[in-house]
Amino acid sequence: HRQPGELILTSGPVETALTFGQLPELRYLPGGEGSQRSLRYTRFNDDGQAIDYWIGMPSLYTTAELCGAVTSAPGSWILLSDRVWQNWGYNDLPTRVMERLSAAMRDLVLGLADQEYEDEEWIVFRTRPSSQWGQIASATCNEGVLQPQRGERQRQREADATLTP
C-alpha cells in the first residue's frame, strides 16, 4: 500500500491523476527513450522541464531520468498500462527493432522493481534500493549502458515551437 510522499511513475498521467489527485509525487513515464510515444506526448515548458501533453505532469523523458528518480526514491511505484509494457511506444519501428528495444525496457524495469499487481489493463511494480537491482538495471543506471539518443530534446523543442496553443 502506498504511503504519502512515495513517488508514483505512471504511463497513464490522466488516469493516475484522476485516481490520486494532482500529487507532487506523480511522474509521467511516456515510453521508451526516443520512442514515437515519448516524442508525441512529452512537451517542454518555458523552463525546459519535460512535462506530459495532457495535464503538465513532470515527465521522465530519458532513461537517465528514470534511473535518477528510482535511485533517489527507492520504494517508488511504477504503474504501467499493458500496452506500454508490451511495446514502450516503439510500435512505429520495424518489428525486430521494436521487440529488441521494448525487451530492453522491460528488462530494465524488472531489474529495478518487483511486480506487485497485474490485471487486464495495468501492471504495478515497486522499486528496490539500488543495492538490490539486477545486473541489467545496474549496468543501465550506474554505467550508462543505454545512452540517450542525441538531439531528441532539441528535436522535441523544435516540434513544440511549431504547435499553436
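Heads up: the structure comes first, above all this text.
Just so you know, these numbers come straight off a predicted model, no measurement behind them.

1. Points about the overall build of the chain
Helices and strands together make up the secondary structure of the chain, namely seven helices and seven strands. A fraction of 58% describes how many contacts in the chain between residues 6 or more apart in sequence connect residues 24 or more apart. Total accessible area computed for the chain in this model is approximately 9000 Å², and 49% of it derives from carbon and sulfur atoms.

2. Details of the packing of helix H3 (residues 63–72) against helix H5 (residues 95–112)
For the pair H3 and H5, interaxial distance at closest approach is 12 Å and the crossing angle is 10 degrees. Taken together, the axes of H3 and H5 lie roughly parallel to each other. In this structure, H3 uses Thr63, Leu66 and Val70 to contact H5, whose residues at the interface are Met105, Leu108 and Leu112. Of the residues belonging to the contact of H3 with H5, the class tally is five nonpolar, one polar and no charged.

3. Here's the deal with H5
Residues spaced three or four apart along an α-helix point in a common direction, a consequence of the helix completing one turn every 3.6 residues. The first and last C-alpha atoms of H5 sit 26 Å apart over 18 residues, in line with the 26 Å expected at 1.5 Å per residue. Of all the residues in H5, the buried ones are Met98, Ser102, Met105, Leu108, Val109, Gly111 and Leu112. Against H3, strand E5 (77–81), helix H4 (82–87), strand E6 (113–118), strand E7 (122–127) and helix H6 (135–143) lie the buried residues of H5.

4. Here's the deal with the pairing of E5
By the criterion of burial, E5 is predominantly enclosed, with five of the five residues buried. Burial along E5 is two-sided: Trp77, Leu79 and Ser81 facing one way and Ile78 and Leu80 facing the other are all buried. When strand E1 (residues 8–10) meets E5, the two strands line up parallel, connected through three bridges. Bridge assignment links Ile8 to a residue of E5, and that residue is Trp77.

Thresholds applied
Residues numbered from 1 in each chain as written. Predicted model: local features only at pLDDT ≥ 70, side-chain atom pairs only at ≥ 80, totals over all residues. Heavy atoms only, no water. Helix = DSSP H or I, 4+ residues; strand = E, 2+ residues; numbered from the N terminus. Contact = heavy atoms within 4.5 Å. Areas by Shrake-Rupley, 256 points an atom, 1.4 Å probe, with all protein chains shown as cover. Axes fitted to C-alpha atoms, helices over the stretch in contact; angles between N-to-C directions. Parallel < 35°, antiparallel > 145°, perpendicular 65-115°, else oblique. Nonpolar A, V, L, I, M, F, W, Y, C, P; charged D, E, K, R; others polar. Expected span 1.5 Å × (residues − 1). Buried < 20%, exposed > 50% of the residue type's maximum accessible area, 1.4 Å probe, protein only. Pairing = 2+ DSSP bridges.

Read these as spatial facts, not as claims about activity.
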